[in-house]
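Coordinate analysis (summary)
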Amino acid sequence: MTVEWSWERAADALPVLWDGFKITLLATVLGFAIAAVLGLAVAIIRRSLPRWIAVPVHAVSEFIRFTPLVVQLLFAYALLPQFSALQIGVVVLGIHYAGYLAEVYRAGIESVPPGQWEAARALSLPPVRTWRAVVLPQAIRASVPALGTNAVSMFKDTPFLFAITVVELVTAAEQFGGRNYAYLEAMTLAGVFFLVASYPTSVLIRRLEKRLAYY
């Protein structure tokens, strides 16, 4: 049986896929915002707080990072029925990727020259000001390329939200294809959506990385 491309079916699929793409984009933006803040908090805790706090926080972060995202989504969805599937998906994505971003921030913090820490101590700067004015500006600047790469990875992981009934881009394509016998058109266009969104972002990240390398 030969499946032929139909521009008419493709045109019919576009509005449905656009709605799914908006859900995918929303989940990525909100999830990454959570991951960026939580990951930074974990990195700072590991560096600045006593071991009896830092070690358990690190252990929990590692457990979440090395547990499959789908398992976390299903667990949270079963445990928290009072929240919508999209709300759960956004938060779980954010918490899951916080573990990866914590490592990114940690590498950025470690890249700050020891002399910067010593100068802050010599000036008797309080710890909060040392972090805010000396360490974090340099650490985050060094972390920007890796942060961007993780944002793209999160965007490409949003199809896992199908496990908790969120109709993101790929699920929207699958449902449209099933209703209209148009899997070829729907899945191809879904891939195009991902490519159009991901590729320019990856190019910008590479250019930013090269630019930052000169400073």
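Everything below is about the structure shown above.
Residues numbered from 1 in each chain as written. Predicted model: local features only at pLDDT ≥ 70, side-chain atom pairs only at ≥ 80, totals over all residues. Heavy atoms only, no water.

1. Some details on the side chain of Glu185
What counts here: Only DSSP runs of H or I covering at least 4 residues are called helices, and only runs of E covering at least 2 are called strands; the numbering of each starts at the N terminus. What qualifies as a polar contact is a pair of N or O atoms within 3.5 Å, subject to a donor-acceptor requirement within protein and to the restriction that residues adjacent in sequence count only when both atoms come from side chains. Note on contacts: a residue pair qualifies if any of its non-hydrogen atoms lie within 4.5 Å across the two residues.
Secondary-structure assignment places Glu185 in helix 8 (residues 183-213). One polar contact links the side chain of Glu185 to the main-chain amide nitrogen of Ser6, over a distance of 2.8 Å. When residues no more than four places from it in sequence are discounted, the contact partners of Glu185 are Glu4, Trp5, Ser6, Arg9 and Ala10.

2. Considering the pattern of salt bridges
Rules: Here, a salt bridge means any side-chain nitrogen of Lys or Arg that lies within 4 Å of a carboxyl oxygen of Asp or Glu.
The final tally for this structure, using the stated rule, is six salt bridges. Across the pair Arg46 and Glu103 runs a salt bridge, and its minimum N-O distance is 2.6 Å. Here Arg46 is found in helix 1 (residues 7-48), whereas its partner Glu103 is found in helix 4 (residues 85-110), with 57 residues between them in sequence. Between Arg106 and Glu103 there is a salt bridge, with its nearest N and O atoms 3.1 Å apart.

3. Describing a nonpolar patch on the surface
Defined as follows: Each patch is built from residues lacking any salt bridge and having more than 30% relative accessible area; the joining distance is 9 Å for like charges and 5 Å for nonpolar side chains (Val, Leu, Ile, Met, Phe, Trp, Tyr). All accessible-area figures derive from a Shrake-Rupley calculation using a 1.4 Å probe, and residue coverage is judged against the displayed protein chains alone.
A cluster of nonpolar side chains, contributed by Val3, Trp5, Trp7 and Leu184, occupies part of the molecular surface with about 450 Å² of accessible area. Here Leu184 shows up in helix 8.

4. Re the packing of aromatic side chains
Which entries qualify depends on this criterion: Side-chain rings of Phe, Tyr and Trp (the six-membered ring for Trp) are treated as a pair once their centres are within 6.5 Å; stacked means planes under 30 degrees apart, edge-to-face means over 60, and tilted covers the remaining angles. The classification of residues rests on relative accessible area computed with a 1.4 Å probe and restricted to protein chains. Under 20% of the type maximum is buried, over 50% is exposed, and intermediate values are partly exposed. Throughout this description, the term charge over a ring refers to an Arg CZ or Lys NZ atom that lies within 6 Å of the ring centre and within 35 degrees of the ring normal.
Taken as a whole, this structure holds eight aromatic pairs when the rule is applied. When the ring of Trp5 is compared with that of Trp7, the centres are 5.4 Å apart and the planes differ by 75 degrees; the resulting orientation is edge-to-face. A residue is classified by how much of its surface remains accessible, and Trp5, at 32% relative accessible area, is partly exposed. Looking at Trp7, the relative accessible area reads 68%, which means it is exposed. Among the aromatic side chains, those forming a connected cluster through ring pairs are Trp18, Phe21, Phe155, Phe193 and Phe194. When the ring centre of Trp117 is taken as reference, the NZ or CZ atom of Arg47 above it lies at 4.4 Å. Residue placement shows Arg65 over the ring face of Tyr100; its charged tip is 5.7 Å from the ring centre.

5. A look at the packing of helix 1 against helix 2 (residues 51-65)
Spelled out, the test is: Between the N-to-C directions of two axes lies an angle of 0 to 180 degrees, each axis being a line fitted to C-alpha atoms and, for a helix, fitted only over the stretch in contact. Put simply, a crossing is left-handed when the front helix is turned counterclockwise from the back one by less than a right angle, and right-handed when it is turned clockwise. Only Asp, Glu, Lys and Arg are considered charged, only Ala, Val, Leu, Ile, Met, Phe, Trp, Tyr, Cys and Pro nonpolar, and every remaining residue, Gly among them, polar.
The interhelical angle for the contact between helix 1 and helix 2, taken along N-to-C directions, is 145 degrees, at an axis separation of 8 Å. In terms of crossing hand, the pair formed by helix 1 and helix 2 is left-handed. Across the interface between the two elements, Val42, Ile45 and Arg46 of helix 1 pack against Ile53, Ala54, Val57, His58 and Ser61 of helix 2. Along the lines of polarity and charge, the residues of the contact of helix 1 with helix 2 split into five nonpolar, two polar and one charged.

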